[in-house]
Every structure is written in structure tokens, then in C-alpha cells.
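Secondary and tertiary structure notes
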Amino acid sequence: MELLLLIRPFFQLANQYINGFTYLFSLAFFACFIRDCVKGSLRFGRFEIIALCYFVLSIGISLLAGATAGTMVGQFNKLFVCLFALLAIKRLPMLPLEGKSAIAVRMLTYLSSLFVLVSLAIPSSYQELWGVRTFQMAFSSQHEAAALIALLIALVGYDLKRYEGRVFVRLLVSTGLLFALLMTGARTITIAGCVIYLVQLLSATKRIDRRLRGILLVLVAVVVAVSVLPALSSTALFEKNSNLEGSDSSFSNGRDQIWAYYISMFNGLSTLNKTFGAGVGMIVEHSMLTVGTHNDFLSFLISYGVVGLVLYVVYVVRSFTHCGAGLYGYIAVALFLWCAFFNGFSGYTELVFALCVFLASYSGTRPLASGNNEGSVSPVRKATHGRHFSAKRGAC
């Protein structure tokens, strides 16, 4: 414990900048998108062009509605990073996971994983939230911490699919991250992260010794039991509380009350606003609640209208099912619908990246020897992504 006290200032400092890991991905995706647009090597389908143009025009709607600059930058940054990331999964290799940046991404993955695992032993990493103890490091919410951990689990899974050797060790790291994820208490994102972990576990255990496989499965069972069974109020995983002050607990932590309020807000809009949206400032600046919608579909209905909601859902589903991942694409669609309905998706950039990395793991890449960064694309994959982009396209 004395050692932890000595190094605690380092982790407090690192905590303040851990979001830089997400910003690195955002910058990489956006830079690749701009590069390919300038080179003229990136082709959009007709639907992608319509969707992107609509959301660009929605900036004007938000301006006319009086949204503040801070609100617009925050909301549209997350939205367009999400849309660009979904463009990126339609090609292989997927930068920044491959090429010259692959080594740096791998180092960041395991350094960040180590940071998360060590943070589990530091009391300041936990916060009392609605009377329960949650693991959220220095993030402003448990959901942000959970989204980052889900991304790390997906990146370790990508590493497992991409490189041979030390499979058991990397699965141990992933299992430790699973424990950290369970301790966040962010139920919606935790379940999505658990599904990603389970898929990579089933895929990777085929490549290790049967005895080690048994040890690992027992360890996973112990991790889940230790996290959930002893004191449910300590993990907050299944704790039933209300998000609304002064009200009783209700369905899914008060979500029925929250949704009812925002549905009434949508019903109070004009026909024009219902169709094309009332701007991104409507929820952030005019809501009488201290919490958001906890539902992407309601958020898009109010901010971007019925047209924006339809474009958003179809855009995500098309991206996931047209990236050559087969069954895994439909698993990603199910996880998207789960997260979007019960909490949110596009607003959690790390979660968006987690599903993109998850799909990249199963989109035609084959396991290679450690240290080899060159990949191969299956004929089916080439045929799939060739319909969307030119042969010379770049990372997005």
C-alpha cells in the first residue's frame, strides 16, 4: 500500500489525460478522412452523401434555434467522429490499427490497460454514486470509464486475432479489464463490453492448451462472481435507483420517467421541428432535468427530427452489415440498438470505436506472427468493400 501511495500522484496526473487515447483515435480517423478526400480516392455511396449533407445542414438549424457555440462544438464533434469512424470500418487494413501507427496503438493499448488495472487498487478511483461505490477513475461519469474499458477490451481482442503468441497472457489482461468493467456499474455499456469479451474469449481459447483454457474459464467465473455476487450494492450492476431527485425508483433506474419527459418535449414541438429537428441545444440548454435522454432515438428525434433519426439508424446498420464481418456485423447491430435504446451510442466516442475495432477483428483479417504488420483481405471482403470505395481509397 505504501508503494501505491508513492506512485499515486503519477496516476492522478495520468487520469487527467487518459481521454487523450480517445482523441488520438478521433484525430487519426479524421486526418485519414481528410487526406482521402483531398486525394480523391474516397468514394461515398449515395446514401452516405445524403446523410452527411443532412447533418451538416442541421448545424444551420441549431444556429437558427440559438444553440450556443460550446454546445454545438461538443455535440457535432461527437456526431461526426462517429460517422467518420463508421466509414473507416468499410475497408481493410483499418487505420490507425495497421501500418506505421500499429506499434504506437499497441503500446497505448497495454499501457492504458495497465493503468486501469492498477487504478483498481487506488481508493480515489472510486466514487459514491446514488449510494453505491463505482469505479470511474477521474472521469466525470461511470459511463465514460466503462466505454474506455470496453474499447481496451476490443483492442486486446483485435490484438489476439491479429498476432500469434502469448494468447493466454493477453486473455488474462482482457479478463482483468472485464473485472474493471463490472466494477463501473454502468450496466448498459458493461453488458455490451461483456459480449465483446465473450466473443473474443470463445475465438481465442481455441488456440491455447486445454489445461490453460480450463484455468482461464475458472478465472473468468471467479471474476464475475467476485464482482457481482457478494454485494450487489457495491458493484451497482443491478442496483435499482432513481435518476430523478425526489422520485421513487422505477423501471430501469428511472428511465421510464426520463423518457416520458422527453417524449412530452418532442410532442410539444412544431410539425416542422418534429420533421427536421429543433437543434442540438434543445436538450442540453432547455431541458428541466439534470440528466440527458438516456436514449439515442429520443435525442435524435428532438435534435435532428424524424428525418435525422431515420438517417442515423440506417447509416449505422448499413455500416455494420456491409463491412464484411458476417454474423459479427449483426452482433454489432444488436449491441448498437441495446446501447442506443437504454443509454446512448454516438455520444460515447470510445464505445463507437470499440464496436468499430470489434468488427475490424472479424472483417477478413487472419492471425499473423507477432511483429508482422502486413495483413491479407479475403476475396469475399474485397468484393464487399469494393462496392463502396475505389481501389485507391485510404483509411476511412
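How each quantity is defined
Throughout this document, residue positions are counted from 1 along each chain, in the order its sequence is written. Local features in this predicted model are restricted to residues whose pLDDT is 70 or higher, and side-chain atom pairs enter the listing and the counts only when it is 80 or higher, whereas totals over whole chains, interfaces and linings include all residues. With hydrogens and water excluded, all non-hydrogen atoms of the structure serve as input to the side-chain values. Centres within 6.5 Å make a pair out of two Phe, Tyr or Trp rings, where for Trp the six-membered ring is used; the pair is then stacked when the planes are under 30 degrees apart, edge-to-face when over 60, and tilted otherwise. Counting from the N terminus, the helices are DSSP H or I runs at least four residues long and the strands are E runs at least two residues long. Any residue under 20% of the maximum accessible area for its type is buried, any over 50% is exposed, and the rest in between are partly exposed; the area is computed with a 1.4 Å probe on protein chains only. We call a charge positioned over a ring when the NZ of a Lys or the CZ of an Arg lies within 6 Å of the ring centre and within 35 degrees of the ring normal. Only four residue types enter the tally: Lys and Arg on the positive side, Asp and Glu on the negative side, with His and both chain ends excluded. Salt bridge, as applied in this entry: a Lys or Arg side-chain nitrogen positioned within 4 Å of an Asp or Glu carboxyl oxygen. Here, residues are in contact when the closest pair of their heavy atoms is within 4.5 Å. Residues belong to one nonpolar core when they are buried, are Ala, Val, Leu, Ile, Met, Phe, Trp, Tyr or Cys, and are joined through side-chain atoms within 4.5 Å.

**Quick word on the packing of aromatic side chains**
- Going through the model one piece at a time under the given rule, you end up with 22 aromatic pairs.
- Taking the centre distance of 6.2 Å and the plane angle of 70° together, the rings of F76 and Y304 count as edge-to-face. With F76 in helix α4 (residues 69–88) and Y304 in helix α14 (residues 296–321), the pair connects residues that are 228 residues apart, well separated along the chain. The same class applies to F76 as to Y304, namely buried.
- Taken together, a centroid distance of 6.2 Å and an interplanar angle of 35° make the contact between F80 and F84 tilted. With F80 and F84 both in helix α4, this residue pair falls 4 residues apart, about one helical turn.
- In this structure F84 comes out as buried when scored by relative accessible area, which is 8%.
- Positioned above the aromatic ring of Y163 is the side chain of R106, whose terminal nitrogen or guanidinium carbon lies 3.9 Å from the ring centre.

**Side note on the side chain of D296**
- Here D296 lies in helix α14.
- K78 is the oppositely charged side chain nearest to the buried, salt-bridge-free D296, at an N-O distance of 9.9 Å.
- Not counting residues within four places of it along the chain, the set of residues in contact with D296 comprises Y312, A340, G344, F345 and S346.

**Looking at the nonpolar core**
- The biggest cluster of nonpolar side chains holds 112 residues, and the ones touching the most others in it are F55, V116, F135, F320, F336 and F345.
- Examining the composition of this core, we find that 14 residues originate from one element, helix α6 (residues 142–162), more than from any other.
- In contact with F135, other than residues within four places in its own chain, are V116, S119, L120, S125, Y126, A145, I149, A180, M183 and T184.

**Here's the deal with the pattern of salt bridges**
- Within the structure shown, the criterion is met by 3 salt bridges.
- R318 is the salt-bridge partner of E48, the closest N and O atoms lying 3.8 Å from each other. On the criterion of sequence distance, the pair formed by E48 in helix α3 (residues 46–64) and R318 in helix α14 is long-range, its members being 270 residues apart.
- Between D159 and R106 there is a salt bridge, with its nearest N and O atoms 2.7 Å apart. With D159 in helix α6 and R106 in helix α5 (residues 102–119), this pair connects stretches of sequence that are 53 residues apart.
- We classify D159 as buried; its relative accessible area is 4%.
- When salt bridges with common partners are traced through the structure, they connect R106, D159 and R170 into a single cluster.

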